[in-house]
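Observations on the model geometry
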Amino acid sequence: DAKTTQPTSMDCAEGRAANLPCNHSTISGNEYVYWYRQIHSQGPQYIIHGLKNNETNEMASLIITEDRKSSTLILPHATLRDTAVYYCIVRSYQLTFGKGTKLSVIP
Amino acid sequence: EAQVTQNPRYLITVTGKKLTVTCSQNMNHEYMSWYRQDPGLGLRQIYYSMNVEVTDKGDVPEGYKVSRKEKRNFPLILESPSPNQTSLYFCASSPFGADIYGYTFGSGTRLTVV
């Protein structure tokens, strides 16, 4: 599976969009980009995934660059409850978690 | 409600006393997996199962056993627990074709071995 690089931490003001970047320069053609988040010590929660095209669901949007070497998770209107560690994972089958980005939403 | 259920949520035990952490899913998922989470080390996969009677080692299988006799259940067995197995454990499941579906995780089991 391709390795991912994410910033260790980010802050976002409540109500603003949170843009979380992820680099995955060694991604191969059949690997999906997945995003999960973990709030405190709860079980990780699936957010969104994509292969080539941008994706949107009720939680977030995923923007994947044309060369697929990086992506951005967008939480359009961050709330305090979005404070969590966000994991970007590139995989063909197994999930391998890195350190993720700790997002702090500030009032 | 579709979910992955782990029991117990908290467990304190003594070194060497065999224990089982249960995991059950009600979504008819083929794929199930166990992870442990430790500070500074993140989530690491212990074992996974792609279907009934099919199990395989993850990244940190030493000291653990699993079984998959039924589709819905995937218990994690510690035959002789040691203090270095003190950790937060998560079970997860996914439909077959897990590269195109997200995983559903349980709420976790916090195990302390003294």
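Heads up: these notes are all about the structure in this document.

Rules used in this analysis
- Residues numbered from 1 in each chain as written.
- Chains lettered and ligands numbered in written order.
- Predicted model: local features only at pLDDT ≥ 70, side-chain atom pairs only at ≥ 80, totals over all residues.
- Heavy atoms only, no water.
- Helix = DSSP H or I, 4+ residues; strand = E, 2+ residues; numbered from the N terminus.
- Rg over C-alpha atoms; globule rule 2.2 N^0.38 Å.
- Buried < 20%, exposed > 50% of the residue type's maximum accessible area, 1.4 Å probe, protein only.
- Contact = heavy atoms within 4.5 Å.
- Areas by Shrake-Rupley, 256 points an atom, 1.4 Å probe, with all protein chains shown as cover.
- Pairing = 2+ DSSP bridges.
- Axes fitted to C-alpha atoms, helices over the stretch in contact; angles between N-to-C directions.
- Disulfide = S-S within 2.5 Å.
- Polar contact = N/O pair within 3.5 Å; in protein donor to acceptor, adjacent residues only side chain to side chain.

Quick look at the overall build of chain A
Counting secondary structure elements, chain A contains zero helices and nine strands. When the helices and strands of chain A are listed from N to C terminus, the series reads β-β-β-β-β-β-β-β-β. In terms of C-alpha radius of gyration, chain A reaches 13 Å, essentially the compact-globule figure of 13 Å for 107 residues. Every one of the 107 residues in chain A was classed for burial, and the buried ones make up 45%. Relative to all contacts within chain A whose residues are 6 or more apart in sequence, the contacts with residues 24 or more apart total 55%. Of the roughly 5500 Å² of accessible surface on chain A, 49% is carried by carbon and sulfur atoms.

Concerning the pairing of strand β9 (residues 101-106) of chain A
All names here are of chain A. Burial along β9 is one-sided: the face carrying T101, L103 and V105 is buried and the face carrying K102, S104 and I106 is not. Sheet topology note: the strand β1 (residues 9-13)/β9 ladder contains five bridges and is parallel. Along β9, the bridge assignment pairs S9 with K102.

Some remarks on the sheet that holds β9(A)
Residues and elements named next belong to chain A. Taken in spatial order, the five strands make up an open sheet running β1-β9-β8-β3-β4, and their pairing is mixed. Of all strands in the sheet, those with a lone pairing partner are β1 and β4 (45-50), marking the two edges. Looking at each pair of strands side by side, their axes are set apart by 25° on average, direction ignored.

Side note on the sheet that holds strand β7 (residues 70-75) of chain A
Residues and elements named next belong to chain A. Ordered in space as β2-β7-β6-β5, the four strands form an open sheet in which the pairing is antiparallel. A single partner strand is all that each edge strand has here, and the edge strands are β2 (18-23) and β5 (55-56). Note that β2 and β7 share six bridges and pair antiparallel. Across the sheet, the residue bridging to N23 is S70, located in β7.

Comments concerning the state of the cysteines
All names here are of chain A. Here the structure, examined in full by the defined rule, presents two disulfides over all chains. Put simply, C22 and C88 are joined by a disulfide, and their sulfur atoms are 2.1 Å apart. Across the disulfide from C22 to C88, rotation about the S-S bond amounts to roughly -80°, and the bridge is consequently left-handed. Of the two residues, C22 is situated in strand β2 and C88 in strand β8 (residues 84-91); the sequence distance between them amounts to 66 residues. Under the relative-accessibility criterion, C88 is labelled buried at 1%.

Some remarks on the side chain of B:Q45
Positionally, B:Q45 belongs in strand β5 (residues 42-51). A distance of 2.8 Å separates polar atoms of two side chains, one belonging to B:Q45 and the other to B:S33.

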